[in-house]
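So the chains spell out like this:
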Amino acid sequence: MRQFLTPRLAWRYLISKKSHNAVGAISVVAIVGMAIATASMICVLSVFNGFRNSIADRLDRMSPDIIVTPAKGKVFDNAGKIAKEIMKSDIVETAIPTITDNALALKGTREMPITLKGVDIDAYRKIINLDSVLLNNDESLAGTPESYVSVGVASTLHIYPGDDLILFTPKRHGRVNLANPAASFITDSIYIDHIFQSNQKRFDEDLVITDYNTVAELLQYDTEASAIEISLKAGTNPEDAVKALSSLLGPEFTVKDRARQQEMDFRMVQIEKWITFLLLFFILIIASFNIISSLSMLVLEKKNSLSTLRALGLDMHKIGSIFFWESLFITSIGGISGIIGGVILCLAQQKYGFIKIAGDPGALVIKSYPVALEYTDILFTLIPIAIIGLATAFITSAYARSQCRS
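Rules behind the numbers
Residues numbered from 1 in each chain as written. Predicted model: local features only at pLDDT ≥ 70, side-chain atom pairs only at ≥ 80, totals over all residues. Heavy atoms only, no water. Helix = DSSP H or I, 4+ residues; strand = E, 2+ residues; numbered from the N terminus. Buried < 20%, exposed > 50% of the residue type's maximum accessible area, 1.4 Å probe, protein only. Lys, Arg positive; Asp, Glu negative; His and termini not counted. Salt bridge = Lys/Arg side-chain N within 4 Å of Asp/Glu carboxyl O. Polar contact = N/O pair within 3.5 Å; in protein donor to acceptor, adjacent residues only side chain to side chain.

**Comments concerning the side chain of Asp 211**
Its location among the elements puts Asp 211 in strand S8 (residues 207–211). Here Asp 211 is buried and forms no salt bridge, its nearest opposite-charge partner Arg 125 lying at an N-O distance of 12 Å. A distance of 3.2 Å separates a polar atom in the side chain of Asp 211 from the backbone nitrogen of Asn 213.

**A look at the pattern of salt bridges**
Oppositely charged side chains can pair when the atoms bearing their charge come close. Evaluated as defined, the whole model comprises 8 salt bridges. Across the pair Lys 107 and Asp 163 runs a salt bridge whose closest N-O atoms are separated by 3.9 Å. Taken together, the residues Lys 107 in strand S2 (residues 92–107) and Asp 163 in the loop between helix H5 (151–157) and strand S5 (164–170) connect sequence positions 56 residues apart. Residue classification places Lys 107 among the partly exposed residues on the basis of a relative accessible area of 22%. In this structure, the salt-bridge partner of Glu 146 is Arg 125, at a minimum N-O distance of 3.8 Å. Here Glu 146, found in the loop between helix H4 (121–127) and strand S4 (148–150), pairs with Arg 125, found in helix H4; they are 21 residues apart in sequence, far enough to count as distant. Arg 125 gets classed as partly exposed once you look at its relative accessible area, which sits at 28%.

**A word on the environment of Lys 356**
Turning to its location among the elements, Lys 356 is positioned in the loop between helix H12 (316–352) and helix H13 (375–405). Given a relative accessible area of 53%, Lys 356 falls into the exposed group. For Lys 356 and Lys 367, which are 11 residues apart along the polypeptide, the C-alpha to C-alpha distance reads 5.9 Å.

From the geometry alone we can't say anything about function, so treat these as descriptive.
Written out as structure tokens, the structure is:
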């Protein structure tokens, strides 16, 4: 039992009534401060995980599993042939060439620059779940090929399903006729069947999706395409698919999965997450000063008792060990309480969403703070707690030994 003597004395000192109320109060403040800072770490990291998952969920609506683009330039040749080669892969469900470029849209007296995307609509619906983003769920009003406009285009041009939209694109070949500028444009009209809203700015602001052949004629393309969009077979790992397709296509093409298609958004969330983690780590360090203060005052209060222990044969190293263990107890109680409290708060928010995001509920995509509790974050939170616990333990142990010498 001698090896457990110092931990038992440390625990006794921790729970015993203090002769000075201030010592006990500071100890309680130290534990509570550590618990609150730790719970904050768990909650904040979980909220950032929730925002990351929300971005990923929105990506599922309008981004393909895999997209292949040229490493250089806007378009590449023999797109249909390359798509057929990709389709031979046993991990690919569907692969289609798509064309994306700028155009001018006109409706009545209103006009706006748009991003025009040409796809094989029937095949594209197998890659992108268009039905999940439609604001009108009616059947096609004009048969195939169908055309889709984003809510941003519809709002700006006052478009409704069943309207015609006139498109202008500049001729790729020849000179501009200054006497007749209109002759420098190719014009066509499309019939709008659906309006969509994906809750992603880059899709909702100015995107128009229509038939591949229509866009190819407007842009004077033959076998060229801007990208090949791919859906994978169920159970296929996207990262493995990227490696396999990159090997198949070679360095002339860039292959990206959904995460890499929105790499900047995910990266910003991760950067913000870990910067916040560091800020909370500094708050934990500040909370540790309370631990050092309370234990330093406890050393002074127990100075007579320590002298008695010295007289009974306890050396300075073991006396220092008493306060080493007491510091670890305070840090552990605060840290573990904070983790438990943080996990409970996260699970409650995940289920009930009682903490709402400020703003107009009708305009918000997410009504309450999203939360995704990941156990790796709990492990990351334990690291600074352990570092602070050991640091405060060594400091208070050294202080206790110094008081024994005086």
